[in-house]
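One letter stands for each residue in the lines below.
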Amino acid sequence: PTRGLGAMSGIAEYRRRVQARHRPVVAVATAPEVDACLARSGLTLVDALRPWSDVRGISFSVRLNPESGYPHVLSEFGVRFHDARECARVPGHVVDAHAAAALEPWSAADAPGLARALAGVPSDVPSLIAHARGERTSSETGGGTPMLVDDPATSKTFVAPWLDAYHARFDRAMQFADHEAIDHPVGVVYAVMANVPGEDPAEAYRRLAQDPASFPPCLRDAQLADPDVPTHCVLVHDASSPSAMSEADLEALRAKTQIAIGPSSGGTFVLPVNGAREPVVGRADAWSGHIETGLASTTRGIEPVTSGCAARGAYLSDEDIERHRVFVAELVNLSLLPSMDRRAKALNAVIIANRKGLKNQLKSFWGRSTGQIAKPEGDGGYTRDCIESQMRIAADLSMALRDYEGAAGLYRLLAADYKADKAWRRLGAAQESLGHALAMTQTPRRWTAEGPPHREARREAESALESAAGYHARAAATGTEPGTSQPANAPQTDRDITPADRARWATKAGLAHASFLAACGAHRECASPLMRASAEDSQNHARAALLLEGAAHAYLRAEVPMPRKAAIHMVLAGHRFNQAQLRAYAVRCYACALTVYAHEGAPLGKLAASWPRLGRTNGEGDGKVLNDVTDGIRSPDLGDTSATTNAGWSRAKEHLHFALGRQVAHAGEMTGAGRYFRELLTCAERQPAATQATYLREYLFVCQRAMETAEGVPSGEGDGKIEGDGKTAKPNPPVPTVDVGDVRVRFNDQRVDLGFGGDASAATTPGQPRDHQPACATWPRSRWNALEEDGLVAPELRAVGGPTWLDKPREKGGVQRNVCALGEPIGVDVRMRNPLKVEVSVTNARLVCESEESEGESEESVSTPATTVALSPKETKTVRLVCVPTKTGKMRIVGVAWTLSGVARGYAAFDVRAPRTRRAAQTQEWVRDVPREKRLAFTVVDQMPKIVVSIHGVPRRCPRGASVRCQLRVSNESHAGGPVARRVRVRLPGGGVCVPADDSAFGELLNGGGWSASTTPGTLSARGSFADGLAKLTLEPPSKPKPGGPPRRRAAGPVASSPASLDGLVYAPNAWETIEPGESVTADFWLHPTGARGPLDLPFVVAFEPPAPAPALLKYRAVRLAAGTDVVPSVECSVTAHRHSGDPAGRVLKVSLVHSDVHAGSSPGASASSFAMTRVSLVRVAEGSRLRLTPLGHPVDKPRIAAPGRGWDTILAMQAEENDEEGKDDEKYDENGERPAAALDFGVGDAPPSPAPHPPHVRLHRAMTPLDLAAAAPPFPKSLLGVDAVVEWLEILPPDAPVGQSPMAGACHVFNVAGALARDPARAKAFGGKRALDQPGVGAAGTGAAGTGGSTRTPPDWDVRWTLTGPGAVTLPEGSGESAEISVTLRAHNPSPEPVRLTFRSTCGGDDDDDAGDGGGWKRATIAGWGEFNGTVNTEQSLSAPAPPPSPPPIPRYPIRTMPPGRAWMWTGAVKKTVIVRSGETVDVALRAEAFARGVFVMKDYTLSWTAAEGGGDGDEKIAHPAQACNAPFVVEVR
């Protein structure tokens, strides 16, 4: 309903404008004495009469056409007074100048003017739409200067007041055209003085009337004007003159003058002026709003025709004003209306006679009456006596007399004639008037009944107005624009119509059409005529820009707003304004368009569709308010840099920001220009680098100029430094973009990360690049903390760090703080991004901090050094900014400040992103729970010792299995007199990777492998290892907890606190009890990487305590050093164990050393190194007898070198010493104090010796031996279970190796080469079956075939092993029935932990006898699995011959003769023997066989079984066959 009332008010206002536009004109010609008389009051006679041109209270019946219905009565009427000289058509340049004067109040292009223009631009789309719909106060429209208008009936049609003012002035300048009679005067008033001494007023009247200059120029037009109009005489009486007359004398003078003039005159009137003796004060000014602006009487056309310095109307008395009002009423009632009625009726009669009836219609159908001369096509050729001119005059008189239906009928007839004559300009004017007439024929009731947008009511009028502009555009335009010397009212022919004239008339019609549509509420359709008019040829820039701006506002005023269309029309309008040198208007249009293109929020389509339901600023709508998210309001002010930009319209925003920046900069407003250029750089990401560089230079230039203007610093003297707290550096430069929500704080509290900080270096080798940091440098804090949980920090110290819930409950929502020491740097990693394609320099980048001390203290409490950052194109760089607290207390890091290229200052406040998981105590609002590494609030405590840890000797690339001696250095770099570090402890990486070179230097082992110090054995020495001591732990059954009580922690075995701490060793060196300021301590250790190839992390942690009394929040400190190396391939080693063919208790080992065929040198261009095997050592996991290694094959002095692409196999026999007690007194330790179970050295040929000192590989092996505490003890001292092999090698450098490079020595470790120890059920139960305690069987730096993998344990081989020994050949005596005796010894070994009952049983002659089924049992000797013999038989069988692979038996030299039914040989004597074999014992059993024929025989046909000796042999029996013997097959040749 509100919108409907608004539209109805628009229709009513439109009707008033049409009536005012079609008021009849009264021309006023004055004598010079009259102008001089009225100049005293600052008026002309026209100005004095115009306020009273509306006459009310009349009753005049109008019936112009006898055929029409009832007459209508005029109750009020109005006229337009114009100076007779102004009743003329003015040249085109005067029209443009007069209309352009309407723009002056808003066209100030200086800095304040542009600021006012931008202040009126809404900052969001909803406000822009509301502003376009007029939902703003008049003070917010952008200007306070009153509009200069020519007609008081002019009111607001468009949103922009300058467009309304331009429309009014343009319409006034286009009046008095020669092709329409709307503005032709219907009466002329000649004014002369009544009281001029010695002058007859009648004579003065005749002289003035006969003067051609006093006659209206438009009435002299021979084409259309009718000069026969009534004239009137006005006697102006100056009451202030000494010759003033009385009322009676004036009446007599009037009557006398009337008689002298004659009855042809329209009448004589007396008009008194200057009736006030003194200027009237306090009376309302009724004349200023109606002052006539002279157009035809001045060449420039913009100066008002007024003179004098007195206030307007100052000497007009109230009686004078009343007489003026009465004069206008009498003029209208007594003269104008009757004369107009008579003229209209006469013209209608002529029209009826010529155009009504069947005869006249036929004439019109066939063309023109035959009695007239054919008229040429075009707008010329018409005379005032032709029927078309009479029809035009009649139609215009009907419009003036408000007979709109009659006028519409005449306009239709006239349009048909003009169209037939192709008089397009006259046709366009007729169509325009027809549209107004048709709109006026609709009654207010019809408009109200239909409601906006009045589609049916406006249909005919809209069609006529739309065609008017089209017909004007079709008018011929061949002439040129006339100059200023063209006289007013010069007749225009077809040759004189210029393209500019055509554009003006088309614009006039388009504005009329748009005004009508706007009044109907059809704002979307209102944009079309404005757009068409703006596109006319020869349209000047200012007018085209105004029309485009009006179209943009029309789109915003549509029922469903169209902000995108409005924005593009605003851009076009701004471009045309810029061409017209109207900078303020261009800036305003660009800013409005930018509001749309920079919109962020709901989609504009959704916003436009939901506009009718949104709230209004003036109370309209349904009372709903705008929502920032759903309704798309952009809360930041214009030009603010947003974190997210609308990339879809980046080109449009780029153009707008560039145009606005240039325009504002030309006006001298450098601050505003800098804002737009800053935004230009944010949306110019797609531009090439050269364009972005240009934009950046312009931005820096305007910023520099803005700084010079604001600070008064001459150019070149500013240093670009940030003063104060840096927060004044706003608005932020577009480069760099700072991620204020994702920062990382690096500081030292209880922990010190040496990867950060001034002179502390994370590099482990001098000269190592900083970009090769190990992975442990980025470990999370929780993983580092796990390394400190096993004895590095005392438990009583770890509990300190803040009050507990028993001491002081933490306030809900309180500030989360970190703790740092005085004088130590605090680093904040800030991520900066350069979005441009050009390199930028960020200078004076520093942190901005605030101290929370009392206001009275002014001492600087934080030092914030600045740094310079160079950002490459499109680079994102994490910059570490540092601040150093210089005073204890509380402080906060609030943001970062910087300067772009030393010119543009920026500041960004930190707003760390974190989940809101806590509620504040007072406000009960959710607050953020910020993690420690992102907290920016600190509590600064007293100074701490500055401990710096460094590692020396760790190579960047280390071959796998190499042993490198490194040094750990701990220094107290505090200044002289500074704090002392106490109780220093160090944690080395465990797992055998880092092993102390000297146990005495590292001192007491507090913890290792994750076991607490209370369970660590004390029997550790230089000849043992931590694992050796753990192997001697005695286990006690755990005590059962009381029923119902809490479970007790198992104390029978050590328990690991965390998986992350299972591979570390914690030491407390005695020499490190205190470290004074300036003192450094060192300790050597062996680096022995044997794990997987690739990066190896070496995390070192050093803990210490500050001197007493320590700060309450820093009772200890742990210094972390992230080191590492790259483990590169070297050699692959494997050791496989086979059965010994001569000793069932021994093993034959095959040691394979294969080159990895991967370059291991430091120089990529060098050849690969070779590796020579130098020693093989056997190491027992548990106590046992000495072992013996015997080389088989090549001698030990022959080099065994694994060259690239090659490998080397070495066969060794491993046996237990027969009498271990005899060799104990003579055993010696090697140069490293190691005592391996067995060792065998090999020669290396011409290779250089190994580096000194020689690495203690056996000791290193013991240090890396996995903890297998669940394993049982060895079954007997000479058992080979649990024996590891250490294969040492020496690197042989290639000839092209770099000079100075030293060869490395290393070792490969293979575990359990002959089998693993069994699991002890009691130990396994005590340790809870932890998978972490299972002993892996795959060796480090090699693979062991005898071991197991992962946590799966293979049961030991407890089966009895045996061999058969005897003569290799026997001689069969000659003679029939003779036989040869074969003496055989069965040697059996029991490897099990229990004694067994062993039984030998012959199977000759049994059911399973192989010889029984083939010709009486005789056949050639064959062996299952080997096939037939094909060689000779050795006469002796070596006990030490290697078993794998055994050679097949030879083919016998003699053919076998069958002797059915007997055998060739058989076991004789005691064919079943049983013996008891103790654990680890090897026994010999004598056997006997008889051979009856010559040949080669395999001694088989027996079984070997055993059972446990305990229980009388009633246990499970195991049976073995001859093929399972260690030296199978045992072959004997009978000769």
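Residues numbered from 1 in each chain as written. Predicted model: local features only at pLDDT ≥ 70, side-chain atom pairs only at ≥ 80, totals over all residues. Heavy atoms only, no water.

Student: I'd like to hear about the overall build of the protein, residue by residue, with values.
Tutor: The helix and strand inventory of the protein stands at 32 helices and 55 strands. Looking at the 1535 residues of the protein, the share that counts as buried comes to 53%. Considering only contacts within the protein whose residues lie at least 6 apart along the sequence, 78% involve residues at least 24 apart. Of the roughly 66700 Å² of accessible surface on the protein, 52% is carried by carbon and sulfur atoms. (Helix = DSSP H or I, 4+ residues; strand = E, 2+ residues; numbered from the N terminus. Buried < 20%, exposed > 50% of the residue type's maximum accessible area, 1.4 Å probe, protein only. Contact = heavy atoms within 4.5 Å. Areas by Shrake-Rupley, 256 points an atom, 1.4 Å probe, with all protein chains shown as cover.)

Student: Now, about the pattern of salt bridges: what can you tell me, with residues and values included?
Tutor: Under the defined criterion, the tally for this structure stands at 48 salt bridges. When the shortest N-O distance is used, the salt bridge between Asp396 and Arg392 registers 3.0 Å. Note that Asp396 and Arg392 are positioned in helix α12 (residues 387-400) at a spacing of 4 residues, about one turn of the helix. You'll find Asp396 and Arg392 in the same group, each marked buried. The shortest N-O distance in the salt bridge between Asp829 and Arg746 comes to 3.1 Å. Linking Asp829 in strand β12 (residues 826-833) with Arg746 in strand β9 (residues 744-746), this pair joins segments that are 83 residues apart in sequence. (Salt bridge = Lys/Arg side-chain N within 4 Å of Asp/Glu carboxyl O.)

Student: Hey, could you go over the sheet that holds strand β1 (residues 25-30) for me, with residue numbers and the actual values?
Tutor: Spatial strand order, β4-β1-β5-β6-β7: 5 strands in an open sheet with parallel pairing. In this open sheet, the two strands that pair with only one neighbour each are β4 (80-83) and β7 (268-273). Neighbour-to-neighbour, the strand axes of the sheet open up by a mean angle of 30°, direction not taken into account. Judged from the 6 bridges that link them, strand β6 (residues 231-238) and β7 form a sheet pairing that is parallel. Paired with Val234 across the two strands is Phe269, which belongs to β7. Across the sheet, helix α8 (residues 201-209) is in contact with β1, β5 (185-193) and β6; its angle to β5 comes to roughly 135°. Packing of helix α10 (residues 318-355) onto the sheet brings it into contact with β1, β4, β5, β6 and β7, and relative to β7 it is tilted by some 160°. (Pairing = 2+ DSSP bridges. Axes fitted to C-alpha atoms, helices over the stretch in contact; angles between N-to-C directions.)

Student: Go over the sheet that holds strand β50 (residues 1472-1477), please, and point to the residues and values.
Tutor: Within the open sheet, the 4 strands sit side by side as β50-β46-β53-β54. Their pairing is antiparallel. Each having just a single partner strand, β50 and β54 (1518-1520) make up the two edges of the open sheet. Neighbouring strand axes in the sheet, compared pairwise and without regard to direction, differ in orientation by 20° on average. Here strand β53 (residues 1502-1508) runs beside β54; their pairing, made up of 3 bridges, is antiparallel. If you follow Trp1506 over to β54, its bridge partner there is Lys1518.

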